[in-house]
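Here is what each chain is made of, one letter per residue.
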Amino acid sequence: MSKENIPPIAKIIPKKLEKHGHVRIDNYYWLNERENPEVIDYLNKENEYYQKQTAHTKKFQEELFTEMKGRIKEDDTSVPYLYNGYWYITRYETGKDYPIYTRKKGNLDATEEILFDCNKMAEGHSYFQLSGMNVSEDNKWCAFGVDLVSRRQYTIQIKNLETGEILPVKIENTTGGSTWASDNKTLFYTRKDSQTLRSDKIYKHKMGTNSEDDELIYHEKDDTFYTFVYKEKSKKYLVIGSSSTLTSEYQILEANNPDGQFRIFQPRVRGVEYSISHYGDSFYVVTNKDKATNFKLMKTPEAATSSNNWKDLIPHRKDVLIEGIEIFKDYLVVEERSNGLNKIQIKPWNGSGDYYLPFDIETYTAYTTTNIDFDTEILRYGYQSMATPSSVIDFNMRTKEKKVLKEQAVLGGKFDKNNYTEERIWATSEDGTRVPISIVYRKGIIKDGKNPFLLYAYGSYGSSMDPYFSSTRLSLLDRGFIYGIAHIRGGEDLGREWYENGKLLKKKNTFTDFIDCSKYVIEQKYTSAKHLYAEGGSAGGLLMGAIVNMAPNLYNGVIAQVPFVDVITTMLDDSIPLTTGEYDEWGNPNDKEYYDYMLSYSPYDQVKAQAYPNMYVSTGLHDSQVQYWEPAKWVAKLRVMKTDKNLLFLDTNMDAGHGGASGRFEALKELAKEFSFLLDLEGIKR
């Protein structure tokens, strides 16, 4: 083997980690020293090894990048939305990476006013993200957040929209979001703990004062909660929310009285989640109170908000999950999920007849989008399916007429949705649970076990992974790949119980569901183990780490993006960003029962001497969600433990964090790496 084909081997510095009388030896613990030159050197060597080993695919990566970019409309414009007398529009210009935020007063023929040209603002920065644009009610001031590092620590600034001047005030280490009181000079915002990055404090800034003098309004001291602040759609109330995985609490204050005292809406009760929406003289509450596992809708007078005053409006239903509501002057809109599918119900306040929006296939996603205007009969929603590009639709709730405002353009002249087949199939897991898989492939594929198949899943935090359209995915479909999304437990795809049965001491259901979905698509001859690939990111990367330990022989290749793989060590370190808020998801390993269970699946701890599939692992040096050292340690351990000669790559973006690169097309380069990895394994060269 030539020298350049020899992968880097990380040096071993054993560290003894003891808990509950159990000792783990972590040979690569030292890789968490971000400032250590040896750590940076190791990451760079892994990058060089990856580059050398894939040099033969470089041209193909460039072709894939050009192909994917070629399907995207570069000079694109968002559907305008009306807010407080102005139409707001986001647009992109050809050849430019970043959005331009604009508005027009009164009507769409008015002169364009550029709020922010992120292309100019990003000059000189390797990473740039603008977030949390928030315009005052008098339309004069806009607060916004900027992140130049990709650790999701934003600096809030304020722009005078009449003069174009950005004020000298800079508020550091925030979430980027903020909200104006009705006086147009008081700004509420959320600060983060600088080490753990937990959003834990709400401050109040007065225009014309130094940000160092900002008043602390609320400190969320429970380190399993995070806090946030916003204004109700009715504009009457400012709201401070506190939330953990299982519990929520809100405080309210009239928006025209910013120096008043916030008052508790309903004190937190462990295990009770609720969210609030104001309308008229009442609040509408979506909650799981009274063991309403799939949530119900309740109503309470605005002057009497404690839960003993809440009355059922839509009672709990065992087979229907309420995901959220939108309130309009004349209509209530309820977003539901049943049998794994999105439903949107329209309920006129005058009782003139409830109805559902009609959808006619099973591999779609529908969701309400930007509905800021309170006094309108138009509901704006989005729709897409595995083979149908996403559309933005305005629906008149009175006349039931719908108007497609925009369908995602797929350029290049080759795309026709009729060339693709989409299906929803059901695998049976080892405990008898039926698990849906949404799949899409090019028509004409024969089920002979020879098709390459990429199976994707997430499966954590109750985050549903709905079927969606992707123009980049066409680069795989048009080369013969079948693509599938496994709707495994741990998500909320089939209701709240689907989530409850894939977390804490039932977490392994997430992994066995994915393995059983993999076995099913092989049994049904969509593919075979020689041609099956798996992909997941973040908590989905934990899934990838678990399945390669548990069933490595089922997959030819695995892509793990920013994977959470060192479960025990991370969950025992409460100085790491996000850890304490995760106890309700994974368990607290300071409790021996959870320690033992997490240890039994933690991918890093469970690496063993066996053959592993070909693997491409990616991370970002500045990742705040999953620290870079987790995948780095995992790959280092796999290198010395695995018994095969399959590919193993660690690709670290030295400039970016959890979401990857910030430019509009930079992300396509990362995708081209992943696709070329898969296609190269299949022997597809172009």
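For every chain, the first residue of the written sequence is number 1, and numbering continues from 1 onward in sequence order. Confidence filtering applies because this is a predicted model: local features only for residues at pLDDT of at least 70, side-chain atom pairs given and counted only at 80 or more, and all residues used for totals across whole chains, interfaces and linings. The side-chain values count all of the structure's non-hydrogen atoms but skip hydrogen atoms and water molecules.

> Tell me about the overall build of the chain, and name the residues and values.
Secondary structure counts use DSSP, requiring at least four H or I residues in a row for a helix and at least two E residues in a row for a strand, with both numbered from the N terminus. Secondary structure summary: the chain contains twelve helices and 37 strands in total. The C-alpha extent of the chain, read off along each of the three principal axes, is 70 × 55 × 50 Å. By the burial criterion, 58% of the 686 residues in the chain qualify as buried. Long-range contacts, defined as pairs at least 24 residues apart, comprise 55% of the intrachain contacts of the chain with a sequence gap of at least 6. Only the protein chains shown count as covering a residue, and every accessible area follows the Shrake-Rupley method with a 1.4 Å probe. Accessible surface, the chain: about 28200 Å² in total, of which carbon and sulfur atoms supply 48%. The positive count covers Lys and Arg only, the negative count covers Asp and Glu only, and His and the chain ends enter neither. One atom stands in for each charge, and that atom is NZ of Lys, CZ of Arg, CG of Asp or CD of Glu. Between the centroid of the 88 positive side chains of the chain and the centroid of its 98 negative side chains there is a distance of 3 Å. Burial classes follow relative accessibility: with a 1.4 Å probe on protein chains only, a residue under 20% of its type's maximum area counts as buried, one over 50% as exposed, and anything between as partly exposed. Every residue pair with non-hydrogen atoms within 4.5 Å of one another is taken to be in contact.

> Account for the side chain of Ser 277, with residues named and values stated.
Among the structural elements, Ser 277 can be located in strand S18 (residues 274-279). The class of Ser 277 is buried, set by a relative accessible area of 18%. When residues no more than four places from it in sequence are discounted, the contact partners of Ser 277 are Glu 232, Ser 282, Phe 283, Tyr 284, Ile 325 and Ile 327.

> Mind laying out the sheet that holds strand S23 (residues 331-338), listing which residues take part and the relevant values?
The pairing criterion is simple: DSSP has to find at least two bridges between the two strands. Ordered in space as S22-S23-S24-S25, the four strands form an open sheet in which the pairing is antiparallel. Both outer strands of the open sheet, strand S22 (321-327) and strand S25 (355-356), are each paired with one neighbouring strand and no more. Of the pairings in the sheet, the one linking strand S24 (residues 341-348) to S25 comprises two bridges and is antiparallel in character. Counted as the bridge partner of Ile 346 is Tyr 355 from S25.

> Summarise the pairing of strand S20 (residues 296-301); cite the residues concerned and give the values.
Here six bridges tie strand S19 (residues 282-287) to S20, and the two strands are oriented antiparallel to one another. Within the sheet, the bridge partner assigned to Val 286 lies in S20 and is Leu 297.

> How would you sum up the pattern of salt bridges? Please name residues and give values.
Any two side chains of opposite charge can pair if their charged atoms end up close together. By definition here, a salt bridge exists when the distance from a side-chain nitrogen of Lys or Arg to a carboxyl oxygen of Asp or Glu is within 4 Å. The full count for this structure, using the stated rule, is 50 salt bridges. In this structure, Lys 11 and Glu 38 form a salt bridge, with 2.7 Å as the shortest nitrogen-oxygen distance. Of this pair, Lys 11 sits in the segment before strand S1 (15-19) while Glu 38 sits in helix H1 (residues 37-53), and the two are 27 residues apart along the sequence. Of the residues examined, Glu 38 reaches a relative accessible area of 40% and is grouped as partly exposed. The shortest N-O distance in the salt bridge between Asp 259 and Lys 204 comes to 2.8 Å. In this pair, Asp 259 is assigned in the loop between strand S16 (248-254) and strand S17 (263-264) and Lys 204 in strand S12 (residues 199-206), connecting sequence segments 55 residues apart. Linked by salt bridges that have partners in common, Glu 273, Glu 492, Arg 496, Glu 500 and Lys 503 make up one network.

> Account for the pairing of strand S7 (residues 129-135), naming residues and giving values.
Where S7 meets strand S8 (residues 141-147), five bridges bridge the pair, whose relative direction is antiparallel. Bridge assignment links Gln 129 to a residue of S8, and that residue is Asp 147. Here S7 hands over to S8 after five residues, with Asn 139 in that stretch at a positive phi of 65°.

> Account for the state of the cysteines, with residues named and values stated.
Cysteine sulfur pairs qualify as disulfides if the two atoms are within 2.5 Å. On inspection of all chains with the given rule, the structure shows zero disulfides. Its sulfur unpaired, Cys 118 is 11 Å from the next cysteine sulfur, which belongs to Cys 142.

> Explain empty space enclosed by the protein residue by residue, including any values.
Only protein atoms enter the 1 Å grid, on which a cavity is a set of points fitting a 1.4 Å probe that cannot get out and a pocket is an open set with protein on both sides within 12 Å along at least 5 of 7 lines, lining residues being those with an atom within 4 Å of a point. Grid points are joined across faces, edges and corners, and a volume is the space filled by probe spheres set on the points. As enumerated under the stated definition, the model contains one cavity of 30 Å³ or more in all. Considering the residues around the largest cavity, the lining is formed by Arg 337, Gly 340, Leu 341, Glu 362, Arg 424, Pro 436, Ser 438, Asp 466, Pro 467, His 487 and Asp 493.

> Summarise the side chain of Arg 489; cite the residues concerned and give the values.
As for its placement among the helices and strands, Arg 489 is situated in the loop between strand S33 (482-486) and helix H5 (496-500). Given a relative accessible area of 4%, Arg 489 falls into the buried group. Counted as a polar contact is a pair of N or O atoms within 3.5 Å, where, for protein atoms, one must be capable of donating a hydrogen and the other of accepting one, and residues adjacent in sequence contribute only when both atoms are in side chains. At a separation of 2.8 Å, a polar atom in the side chain of Arg 489 contacts the side chain of Asp 513. Residues contacting Arg 489, with those up to four places away along its chain left out, are Ser 429, Asp 431, Thr 433, Gly 459, Trp 498, Asn 501, Gly 502, Asn 509, Thr 510 and Asp 513.

> Just give me the short version of helix H12 (residues 666-681), but keep the residues and values in it.
Given the number of residues in a helix, its expected span is that number minus one, multiplied by 1.5 Å. End to end, H12 covers 24 Å across 16 residues, agreeing with the expected 22 Å (1.5 Å per residue, within 8%). Immediately downstream of H12, the backbone of Gly 683 shows phi near 75°, a positive value.

> Which residues make up the environment of Ile 276, and what are the values?
With respect to the helices and strands, the residue Ile 276 is situated in strand S18. Separated by 69 residues in the primary sequence, Ile 276 and Met 207 place their C-alpha atoms 29 Å from one another.

> Outline the nonpolar core, listing residues and values.
The tendency in soluble globular proteins is for nonpolar side chains to be buried as a group. Buried residues of nine kinds, namely Ala, Val, Leu, Ile, Met, Phe, Trp, Tyr and Cys, make up a nonpolar core once their side-chain atoms join them within 4.5 Å. Formed by 103 residues in total, the largest nonpolar core has its most connected members in Phe 514, Ile 547, Tyr 555 and Trp 634. Among the elements that line this core, the one with the most residues is helix H7 (residues 539-550), at seven residues. Among residues more than four places away in sequence, those in contact with Tyr 555 are Phe 514, Ile 515, Ser 518, Ala 529, Leu 532, Tyr 533, Ala 534, Ile 547 and Pro 613. By size, the runner-up hydrophobic cluster in this structure holds 17 residues, among which are Phe 359, Ala 366, Tyr 383 and Ile 393.

> Break down the environment of Arg 24 for me, citing the residues and quoting the values.
Turning to its location among the elements, Arg 24 is positioned in strand S2 (residues 22-26). Taking relative accessible area as the criterion, Arg 24 reaches 8% and is therefore assigned buried. C-alpha separation for the pair Arg 24 and Pro 14, spaced ten residues apart in sequence, amounts to 9.7 Å. Ignoring anything within four residues of it in the chain, the contact list for Arg 24 reads Lys 15, Lys 16, Leu 17, Asp 566, Ile 568, Thr 569, Leu 572, Tyr 595, Leu 599 and Asp 605. Within the local environment of Arg 24, its side chain forms a polar contact with the side chain of Thr 569, the two groups lying 3.0 Å apart.

> How would you explain the packing of aromatic side chains if you had to name every residue and give the values?
By convention, a stacked pair of Phe, Tyr or Trp rings (six-membered ring in the case of Trp) has centres within 6.5 Å and planes under 30 degrees apart, an edge-to-face pair has planes over 60 apart, and any other such pair is tilted. Tallying each qualifying case throughout the model produces 39 aromatic pairs. Ring centres 6.3 Å apart and planes at 45° place the aromatic pair Phe 265 and Trp 310 in the tilted group. Of the two residues, Phe 265 is situated in the loop between S17 and S18 and Trp 310 in the loop between S20 and strand S21 (311-314); the sequence distance between them amounts to 45 residues. Given a relative accessible area of 6%, Trp 310 falls into the buried group. The rings of Tyr 226, Phe 228, Tyr 230, Tyr 237, Tyr 250, Phe 265, Tyr 274, Phe 283 and Trp 310 are connected pair by pair, giving a single aromatic cluster. Over the ring of Tyr 86 we find Arg 103, and its NZ or CZ is 3.8 Å from the ring centre. We call a charge positioned over a ring when the NZ of a Lys or the CZ of an Arg lies within 6 Å of the ring centre and within 35 degrees of the ring normal. Lying over the aromatic face of Phe 225, Arg 268 brings its terminal NZ or CZ to 4.2 Å of the ring centre.

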